[in-house]
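What the coordinates show
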Amino acid sequence: ARGKGRRRRRRRKGKAWPGGEEAAAPAGPVTAAGPPRTPREFSSNWKVLQELLKQKADNSKESLSACQTHTRKQHSLKAENSQGVPAINGNVGKAKATNKVDNGCAKDNPPLAKPKSKSITADKNLNGTKSSGKGSKETKKNGNILKEKSNIKHKRRKAKEHKEQQPKEAEIWFDDVDPKDIEAAIGPEAAKIARRKLGLETDQPKPSVEQVLVKEKAFEGLTRAVAMDCEMVGVGPKGEDSIVARVSIVNQFGKCVYDKYVKPTEEVTDYRTAVSGIRPENINTGEDFKTVQKEVANILNGRILVGHALRNDLKVLFLDHPQKKIRDTQRYKPFKQRVKSTRPSLRLLCEKLLNVQVQTSEHCSIQDAQAAMRLYTLEKKKWEAAVKNKSNKKNCK
């Protein structure tokens, strides 16, 4: 009986009583999930909130430094999140929830930093090294400077080559070719050398035709030598025959002493305006032929007559002049030898010997007479000496 009683007691001890060991297991301090009631609980929760806020501020700074391309909208969202934490009124559970949200924002920051990586890769230079925006600008500037330097070197090299290619004076040996032809075939430098050898070019600026042919502030009256030139128009069925239309005479200094248009003695069939410069209104109001003929004969009497192809001018005026007193620039042998022509034109003689161009368009009888006189004065001493020697030889015979 005693043994049974002990067994029953043991069984009773092993049962789960309300006051037993199994009920006593959950005994202990239970933390309240609600708001703090005592000052201690409030202070401890406040410290936790301060730490959470501090951690959150640090995380936001790190995210800003990691990503510089955040938009204003993202900043405003962060500001709202940061403002939501102190509005919890000290609740620990809500503070933890806000902390999780902030941590989520911090986790989302690395994807936002991708534009930076793209910009970095875009700023890589040619050597494969990364560089900032300023560095890339500097490299571009350096590249431009290098290009400019290379261009300058290239231009200098080209200039040297051009100088080397330019002909030297010793290489231009021919003197019987027109400088214009040399310029077209070889270049302007070669033509310049050829003109210098022929005495057609000077370092001084080229004077005008008037300055070359006329002497300024010179005597304007008749001199011992005069130059004459006539302009003619065509008559007859085809305009092949010529009559005088204008007569011009200049003195030894190129000053005009006589210039008159002549009325036609026959019907004009070709005015030859492109060459003669004569138009109907010029000769219709001109001087009578006989009057002009007499006046010209009086001027030429006893004087040296200078001109170019004077035989034609005297023919249309029906005048004659002593051969001893004629100085025809077309028939002067030294001029023929210089220009390499048996019948040189007045234009060629002026270009070669005077370095001026005449008869470029319509002819002017005054200018042609001045050109002939200037050619004569260029060789006056030699020419007169040659004429004197020739006459002495004839007298001796």
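Described below are features of the structure shown in this document. This is a predicted model, so every value here is computed, not measured.

The rules behind the values
Residues numbered from 1 in each chain as written. Predicted model: local features only at pLDDT ≥ 70, side-chain atom pairs only at ≥ 80, totals over all residues. Heavy atoms only, no water. Helix = DSSP H or I, 4+ residues; strand = E, 2+ residues; numbered from the N terminus. Expected span 1.5 Å × (residues − 1). Buried < 20%, exposed > 50% of the residue type's maximum accessible area, 1.4 Å probe, protein only. Arc of directions from axis to C-beta. Contact = heavy atoms within 4.5 Å. Salt bridge = Lys/Arg side-chain N within 4 Å of Asp/Glu carboxyl O.

Overview of helix H13 (residues 289–300)
Its 12 residues place the ends of H13 16 Å apart at the C-alpha level, agreeing with the 16 Å of an ideal helix rising 1.5 Å per residue. Taken together, the buried positions of H13 are occupied by Phe 289, Val 292, Val 296, Ile 299 and Leu 300. Projected down its long axis, H13 shows its buried positions confined to an angular sector of 95 degrees, all on one face. Exposed residues lying more than 90 degrees from the buried face of H13 are Lys 290, Lys 294 and Asn 298. Here the buried face of H13 lies against strand E1 (225–235), strand E2 (241–250), strand E3 (256–261), strand E5 (304–307) and helix H14 (310–317). Note on H13: the residue one or two positions beyond its end, Gly 302, has a positive phi of about 75 degrees.

Some words on the pattern of salt bridges
One pass over the structure, following the stated rule, counts six salt bridges. In this structure, Asp 259 and Arg 246 form a salt bridge, with 2.9 Å as the shortest nitrogen-oxygen distance. Of this pair, Asp 259 sits in strand E3 while Arg 246 is found in strand E2, placing the two residues 13 residues apart along the sequence. We classify Arg 246 as buried; its relative accessible area is 11%. The partner of Glu 384 in a salt bridge is Arg 327, with the nearest N and O atoms 2.9 Å apart. Here Arg 327 lies in strand E6 (residues 326–328) and Glu 384 lies in helix H18 (residues 380–396), a separation of 57 residues in the sequence. Residues Glu 384 and Arg 327 agree in their burial class; the two are buried. In this structure, a network of salt bridges that share partners links the residues Lys 260, Glu 287 and Glu 295.

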